[in-house]
Amino acid sequence: MGFLDSILGRSKPKQADLDALFQVPSAAMTLQASLGLVPTGDGSVCYRAAAGPAFADAQTDVLDLLAAATEAGVRVTTDGFGFTWLEVDHPPYDAEAGDLGGLCTDLHAVNTTLEGAGFGPALLCSLVPFADSSGRRLGLVYLYKQGTFYPFAPVPGGEQRRDDLLEIQVRDALSNELPVEQDPARWLAIWGAPGLG
């Protein structure tokens with residue numbers, strides 16, 4: 001940052017550290033031990049799809065890469081707000097046989113491929129859903145532009161309400177494991193996100 005930028009109050013945006021996604025398996029063990037939440041095996045990357053053949057080619061490259069590298073199911077959907085979700089569906093997580101590291105590698109590959117093709121500004125977030133035996137759902141959300149994680153816990157039952165207490169418990173449980181977003185105003189609601197319905 002230059003001298004003039006500091007005088008004018010301008011700052012450089014924080015760069016995404018996509019390698020932070022590889023910290024999720026360790027965080028998952030903490031969530032399971034402290035709150036009974038386990039990964040569902042699914043994950044997704046949300047982005048704003050751009051018009052034109054360059055973006056379509058980059059998205060096709062991502063799908064081809066995942067098809068060649070993993071046995072997970074992969075699909076692309078669009079939500080009611082016009083955002084695109086590239087979903088990766090691994091088998092349900094099992095503490096002995098689950099491969100959360102493989103899921104995080106797949107999400108990392110989606111992000112880095114789109115970023116490498118010049119579409120980094122279109123990336124919004126990555127999502128790893130969790131659930132417990134009582135039906136509670138939690139999304140561990142990685143904000144691409146902030147380089148931080150935050151918890152999103154919709155209340156079961158279809159109402160658009162959040163479980164604020166669970167979100168705070170998750171924030172506190174993971175504060176030493178992940179770069180957690182400190183500004184709750186950035187904890188955006190992602191209603192209808194894959195794996196949280």
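Residues numbered from 1 in each chain as written. Predicted model: local features only at pLDDT ≥ 70, side-chain atom pairs only at ≥ 80, totals over all residues. Heavy atoms only, no water.

Asker: What's the story with the pattern of salt bridges in this structure? I'm lost.
Answerer: For side chains of opposite charge, pairing can occur when their charged atoms come near one another. Going through the model one piece at a time under the given rule, you end up with seven salt bridges. Here R75 makes a salt bridge to D89, at a shortest N to O gap of 2.3 Å. Taken together, the residues R75 in strand β3 (residues 73-78) and D89 in strand β4 (residues 84-89) connect sequence positions 14 residues apart. Measuring nitrogen to oxygen at the nearest pair gives 3.0 Å for the salt bridge that ties R161 to E159. The exposure class assigned to R161 is partly exposed, which follows from its relative accessible area of 43%. By sharing partners, the salt bridges in this structure join R75, E87 and D89 into a single network. (Salt bridge = Lys/Arg side-chain N within 4 Å of Asp/Glu carboxyl O. Helix = DSSP H or I, 4+ residues; strand = E, 2+ residues; numbered from the N terminus. Buried < 20%, exposed > 50% of the residue type's maximum accessible area, 1.4 Å probe, protein only.)

Asker: Explain the packing of aromatic side chains to me, please; I cannot follow it from the model alone.
Answerer: Two aromatic rings are characterised by how far apart their centres lie and by the angle between their planes. For the coordinates displayed, the defined rule picks out five aromatic pairs. Measuring from centroid to centroid gives 6.4 Å for Y150 and W187, while their planes differ by 15°, and the two rings are stacked. Note that Y150 is positioned in strand β7 (residues 148-152) and W187 in the segment after α5 (164-174), a separation of 37 residues in sequence. Seen in terms of ring centroids, F152 and W191 are 5.2 Å apart; in terms of plane orientation they differ by 75°. Their pairing is edge-to-face. Taken as a pair, F152 in strand β7 and W191 in the segment after α5 lie far apart in primary sequence, 39 residues in all. When its relative accessible area of 22% is taken as the criterion, W191 is described as partly exposed. Pairwise contacts between aromatic rings join Y47, F55 and F119 into one cluster. (Phe/Tyr/Trp six-rings, centres within 6.5 Å; stacked < 30°, edge-to-face > 60°.)

Asker: Help me understand the packing of helix α2 (residues 24-35) against helix α4 (residues 100-119) in this model?
Answerer: Two quantities define a packed helix pair, namely the angle between the axes and the distance from one axis to the other. Remark: α2 packs on α4, axes separated minimally by 9 Å, with the N-to-C direction vectors making an angle of 135°. Considered as vectors, α2 and α4 are oriented oblique to each other. The hand of the α2/α4 crossing is right-handed. In this structure, α2 uses V24, P25 and A28 to contact α4, whose residues at the interface are L100, G101 and C104. In terms of residue class, the contact of α2 with α4 is made up of five nonpolar, one polar and no charged. (Axes fitted to C-alpha atoms, helices over the stretch in contact; angles between N-to-C directions. Parallel < 35°, antiparallel > 145°, perpendicular 65-115°, else oblique. Left-handed = near helix turned anticlockwise from the far one by under 90°. Contact = heavy atoms within 4.5 Å. Nonpolar A, V, L, I, M, F, W, Y, C, P; charged D, E, K, R; others polar.)

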